[in-house]
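Secondary and tertiary structure notes
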Amino acid sequence: MVRLAILTISDAGSRGEREDRSGTAIREWADARGDVVVAQAMVPDESEQIARQLITWADAGTVDVILTTGGTGLTERDVTPEATLSVLDRQAPGIAEAMRAAARDQLPKAMLSRGVAGTRARTLIVNLPGSTGGVTDGLATLAKVVDHVVRLLSGHTEH
């Protein structure tokens, strides 16, 4: 069982102007896997607020994986990757690369996602796109390695 936190990054959502469908999609994925969502929040596209929430959850030691959704595109307000990079101890670029590659053939726009992945302390942090389709595609790829990553980060390093 993986302990998850979900952080939705959305200006409109944080003002109550948009439903959090991508966060809901992540929660449904977690429930189907038998994982536990221990925290969920929404913040606007503001680097400081994103970084603060990631640090709070990762440093508490109660979350194995933080999944963010939103803010990974090319617009000026899309700052999730930069905020995430500012708090990571180590990057895991293969995860983000695999998610983009897996979706690219069906949806060429997937290559525009700038999401990153990495670790802070013993927590994996992964940026997912803001669309429910992008989330679903990203989670399908992440599902192939997430349990192994959680085991590694918890100190089980035997192969």
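Everything here concerns the structure above.
Being a predicted model, the structure only gives us computed values, none of them experimental.

Another point: the sheet that holds strand E3 (residues 65-69). Pairing is mixed across the open sheet formed by 6 strands, whose spatial order is E2-E1-E3-E6-E5-E4. Two strands in the sheet have a free side with no partner beyond their single neighbour: strand E2 (36-43) and strand E4 (90-91). Strand direction decides the pairing type here: strand E1 (residues 3-9) and E3, joined by 5 bridges, are parallel. When the bridges of E3 are listed, Ala-5 appears paired with Ile-66. Seen against the sheet, helix H6 (residues 132-142) touches E3 and strand E6 (123-128) and runs at an angle of roughly 145° to E6.

Core analysis: the largest hydrophobic core is formed by 23 residues, its most contacted members being Val-65, Leu-67, Leu-124, Val-126, Leu-128, Leu-139 and Leu-142. Secondary structure elements with two or more residues in this core: E1, helix H2 (21-33), E3, helix H5 (93-104), E6, H6 and helix H7 (146-153). Leave out the neighbours within four places in its chain, and Leu-67 touches Leu-4, Ala-5, Ile-6, Leu-7, Ile-26, Trp-29, Val-126, Leu-128, Leu-139 and Leu-142. Listed in part, the 18 residues of the second largest apolar core include Ala-5, Leu-7, Ile-9 and Trp-57.

Once that is clear, we can look at the packing of H5 against H6. Contact geometry of H5 with H6 gives a least axis separation of 9 Å together with a crossing angle of 120°. In terms of axis orientation, H5 runs oblique to H6. H6 is crossed by H5, and the crossing has right-handed handedness. Across from Ile-95, Ala-98, Met-99, Ala-102 and Ala-103 in H5, the residues of H6 making contact are Asp-137, Gly-138, Thr-141 and Leu-142. Grouping the constituent residues of the contact of H5 with H6 by class yields 6 nonpolar, 2 polar and 1 charged.

A separate point is the pattern of salt bridges. When charged atoms on two side chains of opposite charge get close, those side chains can pair. This model, assessed by the stated rule, comprises 10 salt bridges. The closest approach of N and O atoms between Asp-64 and Arg-3, which form a salt bridge, is 2.9 Å. Of this pair, Asp-64 sits in the loop between helix H3 (47-60) and E3 while Arg-3 sits in strand E1, and the two are 61 residues apart along the sequence. Residue classification places Arg-3 among the partly exposed positions, given a relative accessible area of 29%. Measuring nitrogen to oxygen at the nearest pair gives 2.7 Å for the salt bridge that ties Asp-59 to Arg-120. Linking Asp-59 in helix H3 with Arg-120 in strand E5 (residues 117-120), this pair joins segments that are 61 residues apart in sequence. Exposure remark for Asp-59: the relative accessible area of 44% places this residue in the partly exposed category. Arg-120 sits in the buried class, given a relative accessible area of 17%. Connected through salt bridges with shared partners, the residues Asp-11, Glu-46 and Arg-77 form a single ionic network.

For H5, built from 12 residues, the straight-helix expectation of 16 Å at 1.5 Å per residue is met to within 8% by its first-to-last C-alpha distance of 16 Å. Within the span of H5, buried status applies to Ile-95, Ala-96, Met-99 and Ala-103. Seen end-on, H5 carries its buried residues on one side only, within an arc spanning 95°. Of the surrounding secondary structure, the elements contacted by the buried residues of H5 are E5, E6 and H6.

Thresholds applied
Residues numbered from 1 in each chain as written. Predicted model: local features only at pLDDT ≥ 70, side-chain atom pairs only at ≥ 80, totals over all residues. Heavy atoms only, no water. Pairing = 2+ DSSP bridges. Helix = DSSP H or I, 4+ residues; strand = E, 2+ residues; numbered from the N terminus. Contact = heavy atoms within 4.5 Å. Axes fitted to C-alpha atoms, helices over the stretch in contact; angles between N-to-C directions. Core = buried A, V, L, I, M, F, W, Y, C linked by side-chain atoms within 4.5 Å. Buried < 20%, exposed > 50% of the residue type's maximum accessible area, 1.4 Å probe, protein only. Parallel < 35°, antiparallel > 145°, perpendicular 65-115°, else oblique. Left-handed = near helix turned anticlockwise from the far one by under 90°. Nonpolar A, V, L, I, M, F, W, Y, C, P; charged D, E, K, R; others polar. Salt bridge = Lys/Arg side-chain N within 4 Å of Asp/Glu carboxyl O. Expected span 1.5 Å × (residues − 1). Arc of directions from axis to C-beta.

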